Amino acid sequence: MAEAVPRVPLGDALRPLAEQAFRPALIGMAGLTAGALLPPDWVLHGPQLCIFKLMSGLPCPGCGLTRAVVLLMHGDLTGSLYYHPLAVFLVLAALLLVAVDAYAWWRAHPGGLAATKPSWLLEWLSKTPAPWVLIGLMLALWAVRLPLYLVGSWVY
């Protein structure tokens, strides 16, 4: 009598693939690619996407980051710095995150799905002061830019 093959639920079979799809390397590359593919004119003159600004009328600490990243990805450093000075840091951090995670992914299992946990790098970063430093920088920059916005000398 033939031995029955155990059936694995489809969700359990797809889980490893789904976990790998949300690796920092893939998400970072998708974000940078989107920034490079979006036309700057659409981002500069398109619809307002910031929920905070739509609801309050005031810019949030991250307002301008999308425009700044898109401009930077199109080679406009001056425009990028105008819309949000931290965009350069964000793009460099994303590139570093992509490179480190892609290397770990490749080293864990060359040519296939990695055995490493997809969020290992983000978990490690969360245990450093990096997230708090970034939040502090964004709030400090917002504290400078918000009064300028209120008097009409800064455009978000």
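Just so we're clear, the structure is a prediction, and the values are computed from it rather than from any experiment.

Here's the deal with the nonpolar core
Working step 1: Grouped together as the largest cluster of nonpolar side chains are 13 residues, with contacts concentrated most on A87 and V91.
Working step 2: Of all elements in the fold, only α5 (65-73), α7 (87-108) and α9 (130-150) reach the threshold of two or more residues within this core.
Working step 3: With five residues, α5 is the single largest residue contributor to this core.
Working step 4: With residues near it in sequence (within four places) discarded, V91 still touches L32, V69, L72 and M73.

What about helix α2 (residues 24-37)?
Working step 1: For α2, spanning 14 residues, the distance from its first C-alpha to its last is 20 Å, which sits close to the expected 20 Å at 1.5 Å a residue.
Working step 2: Looking at α2, one finds that the buried residues are P24, A25, G28, L32 and G35. End-on view of α2: buried residues confined to an arc of 100°, all on one side of the axis.
Working step 3: Of the surrounding secondary structure, the elements contacted by the buried residues of α2 are α5, α7 and α8 (120-126).

Side note on the packing of α5 against α7
Working step 1: Viewed as axis vectors pointing N to C, α5 and α7 meet at an angle of 65°, and their least axial separation amounts to 9 Å. Accordingly, the angle class assigned to the pair α5 and α7 is roughly perpendicular. Crossing angle aside, the handedness with which α5 passes α7 is right-handed. Contact residues: α5 offers L65, A68, V69, L72 and M73, while α7 offers A87, V88, L90 and V91.

A short note on the packing of α2 against α7
Working step 1: Look at α2 against α7: their axes get within 8 Å of each other, and the N-to-C directions meet at 140°. Seen along the crossing, α2 lies across α7 with a hand that is left-handed. Contact with α2, carried on its side by P24, A25, L26, G28, M29 and L32, involves V91, A94, L95, L97, V98, D101, A102 and W105 of α7 and no other residues of that element.
Working step 2: Here the residues of the contact of α2 with α7 are counted per class, giving 12 nonpolar, one polar and one charged.

Definitions and cut-offs
- Residues numbered from 1 in each chain as written.
- Predicted model: local features only at pLDDT ≥ 70, side-chain atom pairs only at ≥ 80, totals over all residues.
- Heavy atoms only, no water.
- Core = buried A, V, L, I, M, F, W, Y, C linked by side-chain atoms within 4.5 Å.
- Buried < 20%, exposed > 50% of the residue type's maximum accessible area, 1.4 Å probe, protein only.
- Helix = DSSP H or I, 4+ residues; strand = E, 2+ residues; numbered from the N terminus.
- Contact = heavy atoms within 4.5 Å.
- Expected span 1.5 Å × (residues − 1).
- Arc of directions from axis to C-beta.
- Axes fitted to C-alpha atoms, helices over the stretch in contact; angles between N-to-C directions.
- Parallel < 35°, antiparallel > 145°, perpendicular 65-115°, else oblique.
- Left-handed = near helix turned anticlockwise from the far one by under 90°.
- Nonpolar A, V, L, I, M, F, W, Y, C, P; charged D, E, K, R; others polar.

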